[in-house]
Amino acid sequence: MKIELIPAIDIIEGKCVRLTKGDYAQKKIYNEDPIAQAKEFELLGFKRLHVVDLDGAKSKHIVNEQVLDQLTSTTHLSVDFGGGIKTNEDIEKAFSAGAKMVTIGSVAVTAPELFISWLHQYGSDRMILGADVRSGKVSINGWKEDSNENLLPFLKRYVDAGVRNVLCTDISKDGTLQGPAIDLYKEIMDCYPNLHLIASGGISGSNDIISLEEAGIPAVVFGKAWYEGKIDLNLLKR
């Protein structure tokens, strides 16, 4: 397949979990050991891993950098890391712990000058703009707050500034296994055909990934569908 396949590990208290629609009260632990989970992904042939520090997102600073360090030092996976990166110290911690890329959402809304400075300092190839959407508005701080930012103008501002990688999650679909927001992703790609867009949220199985590829979406993140055994790699290896 041409679409980039990116499994996800979300971390709470050092464990691999999944939430539903970002609700911390709807937490399910899938693996007590995220390092073992990452090694399993690597053995299956995945090259990339999306890691979210959910404790960090909630606390507004990185919490699980030790887990990140273990993930990057014990596997060859290219890890993109997000959750709680709010300051220069946070982003330096993430890169020092081995992250190849970082996903930045809240700062791009609340402190755009800081985000732009990071974009210039670290380069567009190491920065992913996190654009998590609920009812058309960009959500921040671990999805606990909705900003006044509308998605497409928000993206335009940062694409014009040099952003090339965007992770977009439709929060209403995340963790629901009800299918991704394909129309939303197609709309984004129609506006920004050169964007490396990573679709996230709602993947229910292999057919959704095939549909995203057919729609021309460059990359996809999946979590719960994998952990629930709904993705067949044999179907995707074509």
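For the structure, see preceding data.
Report follows, based on the coordinates. (Residues numbered from 1 in each chain as written. Predicted model: local features only at pLDDT ≥ 70, side-chain atom pairs only at ≥ 80, totals over all residues. Heavy atoms only, no water.)

1. Some remarks on helix 7 (residues 151-161)
Inference 1: Listed as buried for helix 7 are Leu151, Phe154, Leu155, Tyr158 and Val159. Along helix 7, the residues classed as buried sweep out an arc of 125° about the axis, all on the same side.
Inference 2: One or two steps after helix 7, the chain reaches glycine 162, where phi turns positive at roughly 120°. (Buried < 20%, exposed > 50% of the residue type's maximum accessible area, 1.4 Å probe, protein only. Helix = DSSP H or I, 4+ residues; strand = E, 2+ residues; numbered from the N terminus. Arc of directions from axis to C-beta.)

2. As for the side chain of aspartate 208
Inference 1: Tracing the sequence through the fold places aspartate 208 in helix 9 (residues 206-214).
Inference 2: Notably, aspartate 208 is buried but unbridged: the nearest opposite-charge side chain belongs to lysine 173, and the N-O separation is 8.8 Å.
Inference 3: Those residues in contact with aspartate 208 that sit more than four places away from it in its chain are Gly179, Pro180, Gly202 and Ile203. (Lys, Arg positive; Asp, Glu negative; His and termini not counted. Salt bridge = Lys/Arg side-chain N within 4 Å of Asp/Glu carboxyl O. Contact = heavy atoms within 4.5 Å.)

3. Let's talk about unusual backbone geometry
A negative phi angle is the norm for most residues apart from glycine, just as the trans form is the norm for most peptide bonds.
Inference 1: Phi at glutamate 13 takes a positive value of approximately 50°, unusual for a residue other than glycine.
Inference 2: For glutamate 13, the location among the structural elements is in the loop between strand 1 (4-12) and strand 2 (15-20).

4. Quick word on the pattern of salt bridges
Inference 1: Evaluated as defined, the whole model comprises 9 salt bridges.
Inference 2: Two residues, glutamate 32 and lysine 15, come together in a salt bridge whose shortest N-O distance is 3.3 Å. With glutamate 32 in the loop between strand 3 (23-31) and helix 1 (34-43) and lysine 15 in strand 2, the pair connects residues that are 17 residues apart, well separated along the chain.
Inference 3: Take lysine 15: its relative accessible area is 25%, and that puts it in the partly exposed class.
Inference 4: A salt bridge links arginine 134 to aspartate 146; the nearest nitrogen and oxygen atoms lie 2.9 Å apart. Taken as a pair, arginine 134 in strand 7 (residues 127-134) and aspartate 146 in strand 9 (residues 145-150) lie far apart in primary sequence, 12 residues in all.
Inference 5: The class of arginine 134 is partly exposed, set by a relative accessible area of 23%.
Inference 6: With a relative accessible area of 43%, aspartate 146 lands in the partly exposed category.

5. Structural notes on the packing of aromatic side chains
Inference 1: Counted under the stated rule, the structure contains 10 aromatic pairs.
Inference 2: Judged by centre distance (4.8 Å) and plane angle (40°), the ring pair of phenylalanine 95 and tyrosine 122 falls under tilted. Of this pair, phenylalanine 95 sits in helix 4 (residues 88-96) while tyrosine 122 is found in helix 6 (residues 112-122), placing the two residues 27 residues apart along the sequence.
Inference 3: The buried category is assigned to tyrosine 122, whose relative accessible area is 18%. (Phe/Tyr/Trp six-rings, centres within 6.5 Å; stacked < 30°, edge-to-face > 60°.)

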